Amino acid sequence: MATHGIKRLAIAGATGTLGQLIIQELSQRAPGLHTTLLAREGSEVQARLLTAGMQQFSVRTVDYELDGERDLIATLAGHDAVLSLIGGAGQDTAQVALIHAAARARVRYFLPSEFCLDTRIGMNLIVSSYEVKRKIRDDLMVTGMRSIFIMCGFFTDTFLSADFGWDLDSHTVLVPGDGEGLCSFIDKEDVAKYTVEVIKRAEAFMGEEWVKDLRFATATLSYNDLIQMGNEATGRELAVTYVSQEDVEHTLMRDIQRTGSGANSKAVQMQLAIMNGCAQLDTAGFALSNRLFPEVVPASVSLSLRAIFARQ
Ligand SMILES: NC(=O)c1ccc[n+]([C@@H]2O[C@H](COP(=O)([O-])OP(=O)(O)OC[C@H]3O[C@@H](n4cnc5c(N)ncnc54)[C@H](OP(=O)(O)O)[C@@H]3O)[C@@H](O)[C@H]2O)c1
């Protein structure tokens, strides 16, 4: 079957955290790639500012609501690929509309807003955190578009946050289990670099496949490793509280009883994933995809983590 490279790209959610980095990387690594930024009303000014003076980018205002579908299809017509970087609740609503419109506009490649651990591992543990991402995967399978799922480890800076138990101001951390559970990590700047290389070479590495899962991570570390780095970087001992698996499960169960879905305990669900060995991408026979893209020289996660600790 003949396949085609990506010559025209549309990006949704490009004004967000990851999107801004991807705009920079596209301008440096793929300056000839025509890219349309889809921005919601209210974000298009920011989208124009982010790409000011860069000829390869154009900005289109979009409405992901039902009555905007016809315009969305017309906007996407002629594009080879859609990259969704939609964040938050929009992953469930706007992204679904985007997928349907892209399929109807005969877009060939769709890269959903995945950028997380493998959502299919530890499904019974992770109740709601990845539910939307799994639903999107199912939706994509029936569209006839070629789908590329970019999985990655925890973003270094996102991980050192209250969501994951860190309070760097007061130098404390809540650690799930014994702190030995391994996690994959990567700097988000490197996720942007890999994503652009994936887009540039989609045709070559996908071959005849319709679905491709790619895994990017640059370090495997435990909470205890991070605590040691933090102590060394600051010259101070973090005050560590270890939280048992029973306590974590109890918190999750209480939230499920209250919300019906566990919607308010996403960080807790991640802690359970870490304790149960589901937070490492290159395990259980899965290999990282980094080696397919030797043109990306990733930063050292250890250096990034130490720099974040040292800033406190
Ligand atoms: N592995 C990790 O540690 C990690 C950490 C953070 C994020 N992520 C993943 O990375 C991806 C991008 O995340 P991000 O942090 O860059 O996202 P973000 O900054 O929260 O949002 C990205 C963009 O999505 C659009 N958006 C937000 N809410 C929307 C809604 N309700 N409807 C439609 N569009 C909406 C907005 O674009 P416009 O206003 O321009 O339309 C926004 O700028 C997500 O898949 C996220 O899960 C992974």
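So, here's what we can say about the structure. From a predicted model like this one, the values you see are computed outputs, not experimental measurements.

### Comments concerning the overall build of the protein
Point 1. Along its length, the protein carries 12 helices and 13 strands.
Point 2. On C-alpha atoms alone, the protein measures out to a radius of gyration of 20 Å, which is about the 20 Å that the 2.2 N^0.38 rule sets for 312 residues.

### With respect to the packing of helix 3 (residues 69-76) against helix 4 (residues 94-104)
Point 1. Taken N-terminus to C-terminus, the directions of helix 3 and helix 4 make an angle of 55°; their axes are 8 Å apart at the nearest point. Judged by the inter-axis angle, helix 3 sits oblique to helix 4. In the crossing of helix 3 with helix 4, the sense of the turn from one axis to the other is right-handed. Residues Glu69, Leu72, Ile73 and Leu76 of helix 3 form the contact with helix 4, whose own contacting residues are Ala97, Ala101, Ala102 and Arg104.
Point 2. Grouping the amino acids of the contact of helix 3 with helix 4 by side-chain chemistry returns 6 nonpolar, no polar and 2 charged.

### Comments concerning the site of the ligand
Point 1. Around the ligand, a shell composed of 24 residues is seen, among which Gly13, Gly16, Ser43, Gly87 and Gly90 lie nearest.
Point 2. Of all the secondary structure elements, the ones that give two or more residues to the shell around the ligand are helix 1 (17-29), strand 2 (34-40) and strand 7 (154-155).
Point 3. If one sorts the elements of the shell around the ligand by residue count, helix 1 sits on top with 3 residues.
Point 4. Here the shell around the ligand is composed, by residue class, of 12 nonpolar, 11 polar and 1 charged.

### What about the packing of helix 1 against helix 7 (residues 188-200)?
Point 1. Two numbers describe how helix 1 lies on helix 7: the axes approach to 8 Å, and their chain directions differ by 55°. Taken together, the axes of helix 1 and helix 7 lie oblique to each other. The element helix 1 and its partner helix 7 pack so that their crossing is right-handed. Listed contacts from helix 7 to Thr17, Leu18, Leu21, Ile22, Glu25, Leu26 and Arg29 of helix 1 are Lys188, Glu189, Val191, Ala192, Lys193, Thr195, Val196, Glu197 and Lys200.

### Some words on the sheet that holds strand 3 (residues 57-62)
Point 1. Read from one edge to the other, the open sheet built from 7 strands follows the order 3-2-1-4-5-6-11, with strand pairing classed as parallel. Edge strands, defined here as strands with exactly one partner in the open sheet, are strand 3 and strand 11 (211-216). Each neighbouring strand pair of the sheet contributes to a mean axis angle of 20°, computed without reference to strand direction.
Point 2. Note that strand 4 (residues 81-84) and strand 5 (residues 109-111) share 3 bridges and pair parallel. Note on strand 5: the bridge partner recorded for Ala81 is Tyr109.
Point 3. Contacting strand 1 (8-12), strand 4 and strand 5, helix 4 runs over the sheet at an angle of about 175° to strand 4.

### As for the nonpolar core
Point 1. Grouped together as the largest cluster of nonpolar side chains are 85 residues, with contacts concentrated most on Ile11, Ile22, Val82 and Ile150.
Point 2. Apart from residues no more than four positions distant in its own chain, Ile150 is found in contact with Leu111, Glu114, Phe115, Thr195, Val198, Leu214 and Phe216.

### Some points on helix 9 (residues 223-234)
Point 1. With 12 residues, helix 9 should reach 16 Å at 1.5 Å per residue; the first-to-last C-alpha distance of 16 Å fits that figure.
Point 2. Buried within helix 9 we find Tyr223, Leu226, Met229 and Gly230. Along the axis of helix 9, the buried positions cluster into a sector of 120°, meaning they face one direction only.

Reading guide: rules and limits
- Residues numbered from 1 in each chain as written.
- Predicted model: local features only at pLDDT ≥ 70, side-chain atom pairs only at ≥ 80, totals over all residues.
- Helix = DSSP H or I, 4+ residues; strand = E, 2+ residues; numbered from the N terminus.
- Rg over C-alpha atoms; globule rule 2.2 N^0.38 Å.
- Axes fitted to C-alpha atoms, helices over the stretch in contact; angles between N-to-C directions.
- Parallel < 35°, antiparallel > 145°, perpendicular 65-115°, else oblique.
- Left-handed = near helix turned anticlockwise from the far one by under 90°.
- Contact = placed C-beta atoms within 7 Å.
- Nonpolar A, V, L, I, M, F, W, Y, C, P; charged D, E, K, R; others polar.
- Near = placed C-beta within 6 Å.
- Pairing = 2+ DSSP bridges.
- Core = buried A, V, L, I, M, F, W, Y, C linked by C-beta atoms within 7 Å.
- Buried ≥ 20, exposed ≤ 12 C-beta atoms within 10 Å, placed from the backbone.
- Expected span 1.5 Å × (residues − 1).
- Arc of directions from axis to C-beta.

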